[in-house]
Amino acid sequence: MKPLVVYYSNKGSNKYLAKKISDTLSCDIEEIRPRLNVFMLFLMNIHLGIKPLKSNIEDYDALILCGPIWMGKFIPPLRSFVKKYRDKIRKLIFVTCCGSPYKKKDEKFGHGLVFKEVERILNEKCILCQAFPVGLVLPDGQKEDPDAFMKTHLNDDNFKGEIQERFDDFIDKIHKLPS
Ligand SMILES: Cc1cc2nc3c(=O)[nH]c(=O)nc-3n(C[C@H](O)[C@H](O)[C@H](O)COP(=O)(O)O)c2cc1C
């Protein structure tokens, strides 16, 4: 399978994760560039879409879309990307470094609800969704503490232990997907 990683990141964790995926799979990577990149406006759902991708999506068997979750939402830069290229996407894997832990994935701000929305927009084209809650890199006792995980960003020093194991499993799953 020849995938392309596309990502949007505000504070860097999803950029780090996207790069790690593309390095591990030795595949191309491109950043999603909103026409208006203003975080506060995104939170109010005010956005002007995204600039065209430089890569040709039709050259790839699958897209690995990586980005954060804010306020329980599939955020405007990612949503604009999916809507703009929906017809050209063959298969999509959605990956997020988010705040919500696995245990709370189906709560109001959980990543599970966003996964359902991505699946609803893309139907059978969405073949896999995977969350890497940032709390995975925190010590026990802080893993679900919003104050702690809001201040934490993925980097080479903290990407080890459970998050690395889950990342290796995720890469394994991708290798096993039919081409
Ligand atoms: C304003 C704001 C709202 C957030 N809301 C959620 C949320 O509803 N659910 C969640 O899982 N994470 C939430 N997060 C956590 C981010 O998804 C997490 O910090 C992510 O790693 C940031 O990615 P980035 O470093 O690539 O920008 C929120 C973060 C911010 C700043």
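The structure we're discussing is the one just above.
No experiment lies behind these values; they were computed from the predicted model shown.

(A) The arrangement of the overall build of the protein in detail. When helices and strands are tallied, the protein shows 6 helices and 7 strands. In the protein, the succession of α and β elements from N to C terminus is β-α-β-α-β-β-β-α-β-α-β-α-α. Against the globule reference of 16 Å for 179 residues, the protein gives a C-alpha radius of gyration of 15 Å, in line with a compact fold. Judged by the C-alpha coordinates and their principal axes, the protein covers about 45 × 40 × 25 Å. Split into buried and exposed, the 179 residues of the protein put 50% on the buried side. Taken as a whole, the protein presents about 9400 Å² of accessible surface, with 49% of it coming from carbon and sulfur. Averaged over its 30 positive side-chain charges, the protein has a centre that lies 6 Å from the centre of its 24 negative ones.

(B) Expanded view of the sheet that holds strand β3 (residues 62-66). Strand order in this open sheet of 5 strands is β2-β1-β3-β6-β7, and the pairing throughout is parallel. Edge positions in the sheet fall to β2 (28-31) and β7 (126-131), since each of these pairs with one other strand and no more. Going from strand to strand, the sheet's axes swing by 20 degrees on average, the running direction of each strand aside. Bridging between strand β6 (residues 92-96) and β7 involves 5 bridges; their strand directions are parallel. In the strand pairing of β7, F94 is matched with C129. Against the sheet, helix α3 (residues 76-85) contacts β1 (3-7), β3 and β6, and its axis sits at roughly 165 degrees relative to β3.

(C) Spatial organisation of the packing of helix α1 (residues 13-25) against helix α6 (residues 162-176). Running from N to C, α1 and α6 point in directions that differ by 50 degrees, and their axes come no closer than 11 Å. Classified by the angle between their axes, α1 and α6 sit oblique to one another. In the crossing of α1 with α6, the sense of the turn from one axis to the other is right-handed. Of the residues in α6, those touching α1 at L17, K20, I21, T24 and L25 are Q164, F167, F170, I171, I174 and H175.

(D) A look at the nonpolar core. Judged by nonpolar contacts, the single largest core of 31 residues is most densely connected at L65, F74, F81, L92 and F94. Here this core gets 5 residues from one element, more than from any other, and that element is helix α4 (residues 111-122). Those residues within four positions of F74 in sequence are excluded, and the remaining contacts are L65, R79, V82, F94, V114, E117, V118 and I121. With 29 residues, the next largest nonpolar core counts Y7, V134, L138 and I171 among its residues.

(E) Expanded view of α3. With 8 of its 10 residues buried, α3 lies for the most part within the structure. Considering only its buried residues, α3 is in contact with β1, α2 (39-43), β3, β5 (73-74), β6 and α4.

(F) Broad picture of the site of the ligand. Lining the immediate surroundings of the ligand are 18 residues, of which S9, K11, G72, S100 and F109 lie closest. The set of elements that each furnish at least two residues to the shell around the ligand consists of α1 and β4 (69-70). Considering only residue class, the shell around the ligand consists of 9 nonpolar, 8 polar and 1 charged.

(G) The pattern of salt bridges, seen in detail. Tallied over the entire structure, the rule returns 8 salt bridges. Between E117 and R120 there is a salt bridge, with its nearest N and O atoms 3.5 Å apart. Taken together, the residues span about one helical turn, with E117 and R120 both in helix α4 at a distance of 3 residues. For R166, the salt bridge goes to E162, with nearest N and O atoms at 3.0 Å.

(H) Main features of the side chain of S55. Its location among the elements puts S55 in the loop between α2 and β3. A polar atom in the side chain of S55 sits 2.4 Å from the side chain of E30. Setting aside anything within four residues of it in sequence, one finds S55 in contact with L4, E30 and Y60.

Conventions we followed
Residues numbered from 1 in each chain as written. Predicted model: local features only at pLDDT ≥ 70, side-chain atom pairs only at ≥ 80, totals over all residues. Heavy atoms only, no water. Helix = DSSP H or I, 4+ residues; strand = E, 2+ residues; numbered from the N terminus. Rg over C-alpha atoms; globule rule 2.2 N^0.38 Å. Buried < 20%, exposed > 50% of the residue type's maximum accessible area, 1.4 Å probe, protein only. Areas by Shrake-Rupley, 256 points an atom, 1.4 Å probe, with all protein chains shown as cover. Lys, Arg positive; Asp, Glu negative; His and termini not counted. Charge placed at Lys NZ, Arg CZ, Asp CG, Glu CD. Pairing = 2+ DSSP bridges. Axes fitted to C-alpha atoms, helices over the stretch in contact; angles between N-to-C directions. Contact = heavy atoms within 4.5 Å. Parallel < 35°, antiparallel > 145°, perpendicular 65-115°, else oblique. Left-handed = near helix turned anticlockwise from the far one by under 90°. Core = buried A, V, L, I, M, F, W, Y, C linked by side-chain atoms within 4.5 Å. Near = heavy atom within 4 Å. Nonpolar A, V, L, I, M, F, W, Y, C, P; charged D, E, K, R; others polar. Salt bridge = Lys/Arg side-chain N within 4 Å of Asp/Glu carboxyl O. Polar contact = N/O pair within 3.5 Å; in protein donor to acceptor, adjacent residues only side chain to side chain.

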